[in-house]
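One letter stands for each residue in the lines below.
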Amino acid sequence: MSVRQTIKRHFKIISLLRTRPMSFEELQDEMSNDPDSIEENLLTSQRTFQRDLQDIESIYGIIIRSDRSHNRYEILEDYEDDHSQRLRENFEILNAIRLSKSLGNHLIFEKRKSLGTEHMAGLLHAIQNHLKVSFSYYKFWDESLSSRTVKPIALKEARNRWYLIAVDEETIKNFALDRIKGLTITPSKFTPVPYNVHKEFKDSFGIINGTDEEPVKVVLSFTPREGRYVESLPLHHSQELVLRNEDEIRFSYFIRPTYDFRMELLSYGDQVKVLEPESLKKTIKAQLQKALNSYK
């Protein structure tokens with residue numbers, strides 16, 4: 001059995017047991033009703049299934065145990081780190097694309113530019129081996145082209161785009177992968193840069209960092225409809241529910257009120273109101289007033 005089939009079988013088992021506890025026979029019945037499972041020959045023996053459970057625990061950190069009193073398997077601990085979750089999600093998307101091609105045009109994608117992901121493998125190699133990289137870069141503001149040679153530190157995703165975090169002329173900067181052209185990995189090595197990306201961006205929203213803004217407590221009041229959406233897709237990892245009633249859903253955050261965060265708040269229009277801090281409230285109010293004045 002191929003590695004691809006094994007991975008798909010793992011994901012099928014995890015997905016099914018996340019819906020409810022099942023016996024081995026019920027799991028096999030569910031797979032037998034799934035055209036993809038039949039096509040990929042994912043049905044298996046009890047012995048292989050037991051080996052799958054061990055692999056799922058060691059690879060994904062998801063612990064599955066048998067409840068002997070009911071003869072069913074259930075997920076006891078469902079901790080899945082960001083890397084494993086993204087791997088699973090991307091694998092499922094790839095599988096959906098493959099199925100869509102054979103079943104008709106039922107998978108509709110949003111039109112967008114290339115994300116520059118063709119650079120990722122080369123940049124990761126350079127990061128791991130501390131090699132400088134050179135490229136041409138199209139600036140966002142004026143679309144001018146400049147040549148850069150930088151020390152790559154990490155790759156970071158923000159708002160559905162990927163960025164290279166690197167040292168450029170002794171300054172930490174961010175470069176969108178989709179605006180990088182002609183990437184070259186040079187043989188020139190550099191001393192590892194003591195920059196903790198997770199720590200530096202922990203209190204930030206998006207990709208803007210290194211500004212004068214300090215993280216502060218921010219309290220936002222959303223309309224019930226928009227609040228339910230934000231609850232299901234948090235704005236920031238620090239999001240905490242403060243209040244829920246018929247009139248509003250209120251969340252608190254510990255975050256830097258940077259430009260990209262303010263732009264995100266403005267995108268909600270009259271569906272959100274800043275309650276704290278007063279400085280952010282005044283800034284958003286002034287921006288909304290400026291937008292209204294442009295219509296006069």
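Residue numbers restart at each chain and count upward from 1, following the sequence in its written direction. The model is predicted, so local features are restricted to residues of pLDDT at least 70 and side-chain atom pairs to those at 80 or more, both for listing and for counting; the totals for chains, interfaces and linings are taken over all residues. Computation of side-chain values covers all heavy atoms of the structure but excludes hydrogens and water.

**Q** For this particular structure, what's the right way to read the overall build of the chain?
**A** Counting from the N terminus, the helices are the DSSP runs of H or I reaching at least four residues and the strands are the DSSP runs of E reaching at least two. In terms of helices and strands, the chain carries 10 helices and 11 strands. Overall, the C-alpha framework of the chain stretches about 65 × 60 × 40 Å when taken along its three principal axes. Partly exposed describes any residue whose relative accessible area lies between the buried limit of under 20% and the exposed limit of over 50%, with all areas from a 1.4 Å probe on protein chains only and scaled to the type maximum. Counting the 296 residues in the chain, one finds 39% classified as buried. Summarising the internal contacts of the chain: among those between residues at least 6 apart in sequence, 57% fall at separations of at least 24. Residue burial considers only the protein chains on display, and all accessible areas are found by Shrake-Rupley using a 1.4 Å probe. In the form shown here, the chain has an accessible surface area of approximately 18600 Å², with 51% of it arising from carbon and sulfur atoms. Charged-residue counts in this description rest on Lys and Arg as positive and Asp and Glu as negative, His and the chain ends being excluded. A charged residue contributes its charge at one atom only: NZ of Lys, CZ of Arg, CG of Asp or CD of Glu. Taken together, the 44 basic and 45 acidic charged side chains of the chain have centroids lying 5 Å from each other. Contacts between residues were defined by any pair of non-hydrogen atoms, one from each residue, lying within 4.5 Å.

**Q** Explain the sheet that holds strand S7 (residues 180-189) here, please?
**A** Strands pair in a sheet through their backbones, by hydrogen bonds, and they do so in one of two ways: parallel or antiparallel. Strand order in the open sheet formed by five strands is S6-S5-S4-S3-S7, and the pairing between neighbours is antiparallel. Looking along the sheet, the strands with just one partner apiece sit at the ends: strand S6 (171-176) and S7. Between one strand axis and the next, the sheet turns through 45 degrees on average, direction left out of account. In short, DSSP must find at least two bridges between two strands for them to pair. Note: strand S5 (residues 161-168) against S6, six bridges, orientation antiparallel. From the neighbouring strand, Tyr 163 faces S6, where its bridge partner is Ala 176. Under this scheme, a helix contributes an axis fitted over its contacting stretch, all axes are lines through C-alpha atoms, and angles between N-to-C directions fall in the 0 to 180 degree range.

**Q** Honestly, helix H1 (residues 3-19) in this entry has me stumped. Any pointers?
**A** At 3.6 residues per turn, the α-helix brings residues three or four places apart onto the same side. The terminal C-alpha atoms of H1 lie 25 Å apart, and with 17 residues this matches the ideal 24 Å at 1.5 Å per residue to within 8%. Along H1, the positions that sit buried rather than exposed are Gln 5, Lys 8, Arg 9, His 10, Phe 11, Ile 13, Ile 14, Leu 16 and Leu 17. One fewer than the residue count of a helix, multiplied by 1.5 Å, yields its expected span.

**Q** What am I meant to see in the side chain of Glu 226 here?
**A** Along the chain, Glu 226 falls in helix H8 (residues 224-232). For salt bridges, the criterion is a side-chain nitrogen of Lys or Arg within 4 Å of an Asp or Glu carboxyl oxygen. Buried and without a salt bridge, Glu 226 has Arg 225 as its closest oppositely charged side chain, separated by 4.2 Å. The contacts of Glu 226, once residues within four sequence positions are left out, are Tyr 268 and Gln 271.

**Q** Any chance you could explain the pairing of strand S1 (residues 62-67) here in plain terms?
**A** Successive residues of a regular strand alternate their side chains across the two faces of the sheet. Strand direction decides the pairing type here: S1 and strand S2 (residues 72-78), joined by six bridges, are antiparallel. Residue pairing across strands places Ser 66 opposite Tyr 73, the latter belonging to S2. Here S1 folds back onto S2 in antiparallel fashion, the turn holding four residues, of which Asn 71 has a positive phi close to 55 degrees.

**Q** Would you explain the sheet that holds strand S9 (residues 240-244) in this entry?
**A** In space, the four strands of this open sheet follow the order S9-S10-S8-S11, with antiparallel pairing throughout. Whereas interior strands pair on both sides, the edge strands pair on one side only; in this sheet they are S9 and strand S11 (272-276). Geometrically, the sheet is characterised by an average inter-axis angle of 30 degrees between neighbouring strands, direction not taken into account.

**Q** Explanation requested: the packing of aromatic side chains in the structure shown.
**A** When we look at a pair of aromatic rings, we describe it by the centre distance and by the angle of the planes. To pair, rings of Phe, Tyr and Trp, with the six-membered ring standing in for Trp, must have centres within 6.5 Å; the planes then decide the type, stacked if under 30 degrees apart, edge-to-face if over 60, and tilted in the middle. Taken as a whole and assessed by the stated rule, the structure comprises eight aromatic pairs. On the basis of an interplanar angle of 55 degrees and a centroid distance of 5.3 Å, the ring pair of Phe 24 and Phe 49 is categorised as tilted. Taken together, the residues span a long stretch of sequence, with Phe 24 in helix H2 (residues 24-32) and Phe 49 in helix H4 (residues 46-60) at a distance of 25 residues. Phe 49 sits in the buried class, given a relative accessible area of 1%. An angle of 65 degrees between the planes, with centres 6.0 Å apart, marks the rings of Phe 222 and Phe 251 as edge-to-face. One end of the pair, Phe 222, is in strand S8 (residues 216-222); the other, Phe 251, is in strand S10 (residues 249-255), and 29 residues separate them in sequence. Here the aromatic cluster, defined as three or more aromatic residues joined through ring pairs, consists of Phe 24, Phe 49 and Tyr 73.

**Q** Would you explain the environment of His 125 in this entry?
**A** For His 125, the position within the fold is in helix H6 (residues 120-129). Judged by relative accessible area, His 125 falls into the partly exposed class, the value being 40%. With 60 residues separating them in the primary sequence, His 125 and Ile 185 have C-alpha atoms 8.7 Å apart. With residues near it in sequence (within four places) discarded, His 125 still touches Leu 131 and Ile 185.

**Q** What is the right way to look at the packing of H1 against H2 in this model?
**A** Two quantities define a packed helix pair, namely the angle between the helix axes and the distance between the axes. For the pair H1 and H2, the least separation of the axes is 11 Å and the interaxial angle reads 110 degrees. As far as their axial angle goes, H2 and H1 are roughly perpendicular. Remark: the crossing between H1 and H2 carries right-handed chirality. When H1 is examined against H2, the residues Arg 9, Lys 12, Ile 13, Leu 16 and Leu 17 are found in contact with a partner set consisting of Leu 27, Glu 30 and Met 31. Across the contact of H1 with H2, the residue classes tally to five nonpolar, no polar and three charged. Convention used here: angles under 35 degrees read as roughly parallel, angles over 145 as roughly antiparallel, angles from 65 to 115 as roughly perpendicular, and any remaining angle as oblique. Handedness of each helix crossing follows the sense of rotation of the near helix against the far helix: counterclockwise by less than a right angle gives left-handed, clockwise gives right-handed. Classification used: nonpolar for Ala, Val, Leu, Ile, Met, Phe, Trp, Tyr, Cys and Pro, charged for Asp, Glu, Lys and Arg, polar for all others including Gly.

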